[in-house]
Number of protein chains: 2
Amino acid sequence: MVKTQADTPTEERILAAARKVFIAHGLTGARMQEIADEAGINKALLHYYFRSKEKLFETILTETMQSFLPRINAIFTSELPVEEKIAAFCSEYIDKMLDNPFIPLFVVNEINNQPDDFFKKIWGGKKPDVGILVKQLEAAAKEKMIRPVSPVQLILNIMSMCVFPFVAKPMFQKVMGISDKQFRLLMEERKKEIPAFIMAALRR
Amino acid sequence: MVKTQADTPTEERILAAARKVFIAHGLTGARMQEIADEAGINKALLHYYFRSKEKLFETILTETMQSFLPRINAIFTSELPVEEKIAAFCSEYIDKMLDNPFIPLFVVNEINNQPDDFFKKIWGGKKPDVGILVKQLEAAAKEKMIRPVSPVQLILNIMSMCVFPFVAKPMFQKVMGISDKQFRLLMEERKKEIPAFIMAALRR
DNA sequence: ACTTTTGTTAACCATTTGGTTAAATCTATT
DNA sequence: AATAGATTTAACCAAATGGTTAACAAAAGT
């Protein structure tokens, strides 16, 4: 006899349901009852396994960020040449977001609601280190490989072009009248388009 | 005798307070009591002047969008040459957002929460028309003025670079350790930086 | 078999929240 | 001044929500 749902451990079912509901509605918007229903269990069990809404949320948040940050950090701190580093970053980042399109907006919102809590809980103090990239850019500019640029502005540009389309996904889809499938194709295209665009702007 | 607050009409005080609270917390997060307190009036007055929370919200939303869209639309549909059009758009858009840094995230969120309602109420059906810009880009590419580009990708790039820094403002400030004043300076810089970056990427 | 521990549930509770009401106060108008 | 109309307030209400409790079921020791 196959119990496709019932035999997965309760705790995992809760986490899966909580992720879904929290990402859809955020911390304040999410309802404990909806999480319970989604998991197919009694609401009291949520408090049995995780003490409170906040605790449950924190668990999801940590878990989510852990799936993002390490690889990004690895790329940033690697010694890849600038061009490859940018390409790797864009490709990796966009791939991750294609798997979880709602995460960027979710993260941005939570940072907005409790900036201090967020960073302590998630990054344990170690921000992504862009120091190496900055040095690489300065070196490349000195060797006349690229035009001199403000590293801060460039990093802002790269991040913006990668992340914003996901934050504004519903808006773009509505304005441009494109389906989920078409959106995904556009983003796949961007994995090469953005690095090409950036390098075209940098080369002298 | 000067009553700096008391002599502004009640309705205006409500609108000002509502804008502040709604923009800070969004539709669901905002509390009617907080709006009343902020306006220094009794909560029942909110329902006396505007029937419900939704109605009040809709008023603010419409008002807010009306301060954004017309000028943007004007630039988009104008016959300015590509380069100037892009420069004008960035400068205008960033200026608007510098005056209301919270609006982009606010708008993105509300679109996410009720995509259909939003567009009907706000745009009355007429989306910003990028048709002219697309034709200009194709023409410029044919005349070898710029490299051929996917207009959709380019527009995505422009919008992203202009808007995202405001959506992610708290995050950037935390990560890069910059003050409000410094952030403003960075954004002022971007009004020229972004068009320059884009044109450098486009020119052949 | 029985006792203890763990897992699960329905019913309940206190607080918050959008919204209402009836009485009070203020402002014209006659 | 008296009346009518608009404005404002305190008290109240019903629904929703995070959280608790006490009783019950299922495993796990013994």
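The structure under discussion appears in the preceding block.
This section reports on the structure supplied with the text. Bear in mind the structure is a predicted one, so any value in this text is a computation, not a measurement.

1. Notes on the relation of the copies chain A and chain B
No. 1: Overlay of chain A on chain B (RMSD 0.0 Å): rotation 180 degrees, translation along the axis 0.0 Å. Expressed as a symmetry operation, the mapping of one chain copy onto the other fits a two-fold axis. Taking C-alpha positions as the reference, the residue of chain A nearest the rotation axis is Ala201 of chain A, at 1.9 Å.
No. 2: The residues that chain A uses at the interface reappear at the interface of chain B in 98% of cases, marking a shared surface.

2. Overview of the pattern of salt bridges
No. 1: One pass over the full model with this rule turns up 16 salt bridges over all chains.
No. 2: Note that Lys169 of chain B and Asp180 of chain B form a salt bridge whose closest N and O atoms lie 3.5 Å from each other. Placement of the pair is Lys169 of chain B in helix α11 (residues 169–176) and Asp180 of chain B in helix α12 (residues 180–202), with a sequence separation of 11 residues.
No. 3: Note on Lys169 of chain B: relative accessible area 14%, which makes it buried.
No. 4: Because the salt bridges share partners, they merge into one network encompassing Asp95, Arg184, Glu188 and Lys191 of chain A.

3. Regarding the side chain of Gln153 of chain B
No. 1: Among the structural elements, Gln153 of chain B can be located in helix α10 (residues 151–167).
No. 2: If sequence neighbours within four positions are ignored, Gln153 of chain B has contacts with Leu186, Glu189, Arg190 and Glu193 of chain A.

4. Side note on the nonpolar core
General note: in soluble globular proteins, nonpolar side chains tend to be found buried as a group.
No. 1: The biggest cluster of nonpolar side chains holds 144 residues, and the ones touching the most others in it are Phe22 and Phe89 of chain A together with Phe22 and Phe89 of chain B.
No. 2: Residue contacts for Phe22 of chain B: discarding those within four places in its chain leaves Leu27, Ala30, Ile35, Lys53, Leu56, Phe57, Ile60 and Phe106 of chain B.

5. Focus on the packing of helix α12 (residues 180–202) of chain A against α12 of chain B
No. 1: Relative to each other, α12 of chain A and α12 of chain B sit at 95 degrees, their axes nearing to 7 Å. In terms of orientation, α12 of chain A lies roughly perpendicular with respect to α12 of chain B. Between α12 of chain A and α12 of chain B, the contacting residues are Phe197, Ile198, Ala200 and Ala201 of chain A on the first element and Phe197, Ile198, Ala200 and Ala201 of chain B on the second.
No. 2: Taken together, the residues of the contact of α12 of chain A with α12 of chain B sort by class into 8 nonpolar, no polar and no charged.

6. Concerning the protein's contact with DNA strand C
No. 1: The environment of DNA strand C is formed by 15 residues, the closest being Tyr48 and Tyr49 of chain A together with Arg31, Lys43 and Lys53 of chain B.
No. 2: Here DNA strand C approaches the protein such that, of its atoms within 4 Å, sugar and phosphate make up 59%.
No. 3: Separating a phosphate oxygen of DNA strand C from a side-chain N or O atom of His47 of chain B is a distance of 3.2 Å.
No. 4: Listing elements by their share of the surface near DNA strand C, those giving two or more residues are α3 (43–49) of chain A together with α3 (43–49) of chain B.
No. 5: Looking at which element gives the most residues to the surface near DNA strand C, the answer is α3 of chain A, with 4 residues.

Each value, and the rule that gives it
Numbering of residues starts from 1 in each chain and follows the order in which that chain's sequence is written. Working convention: letters from A go to chains and numbers from 1 go to ligands, in the order in which they are written. In keeping with the predicted nature of the model, local features appear solely for residues at pLDDT of at least 70, side-chain atom pairs appear and are counted solely at 80 or more, and the whole-chain, interface and lining totals rest on all residues. Processing note: side-chain calculations cover all non-hydrogen atoms of the structure and skip hydrogens and water entirely. Fitting of the copies onto one another was done by least squares over C-alpha atoms, counting residues only where both copies have pLDDT of at least 70. In what follows, residue pairs with any heavy atoms lying within 4.5 Å of each other are defined as contacts. We count a salt bridge whenever a side-chain nitrogen from Lys or Arg sits within 4 Å of a carboxyl oxygen from Asp or Glu. Under the DSSP-based scheme used, a helix requires at least four consecutive residues in state H or I and a strand at least two consecutive residues in state E, with every element numbered from the N terminus. Only protein chains enter the accessibility calculation, which uses a 1.4 Å probe; a residue whose area is less than 20% of its type maximum is buried, one above 50% is exposed, and one in between is partly exposed. Here, nonpolar core refers to any group of buried Ala, Val, Leu, Ile, Met, Phe, Trp, Tyr and Cys residues whose side-chain atoms link them within 4.5 Å. Comment: axis = line fitted to C-alpha atoms, over the contacting stretch for helices; angle = value between 0 and 180 degrees taken between N-to-C directions. By definition in this entry, angles of less than 35 degrees are roughly parallel, angles greater than 145 are roughly antiparallel, angles of 65 to 115 are roughly perpendicular, and the rest are oblique. For this classification, the nonpolar set comprises Ala, Val, Leu, Ile, Met, Phe, Trp, Tyr, Cys and Pro, the charged set comprises Asp, Glu, Lys and Arg, and every other residue, Gly included, is treated as polar. By convention in this text, a residue qualifies as near a molecule or strand provided that one of its non-hydrogen atoms is within 4 Å of it. Polar contacts here mean pairs of N or O atoms no more than 3.5 Å apart (in protein, one a potential hydrogen donor and the other a potential acceptor; neighbouring residues in sequence count only if both atoms are side-chain atoms).

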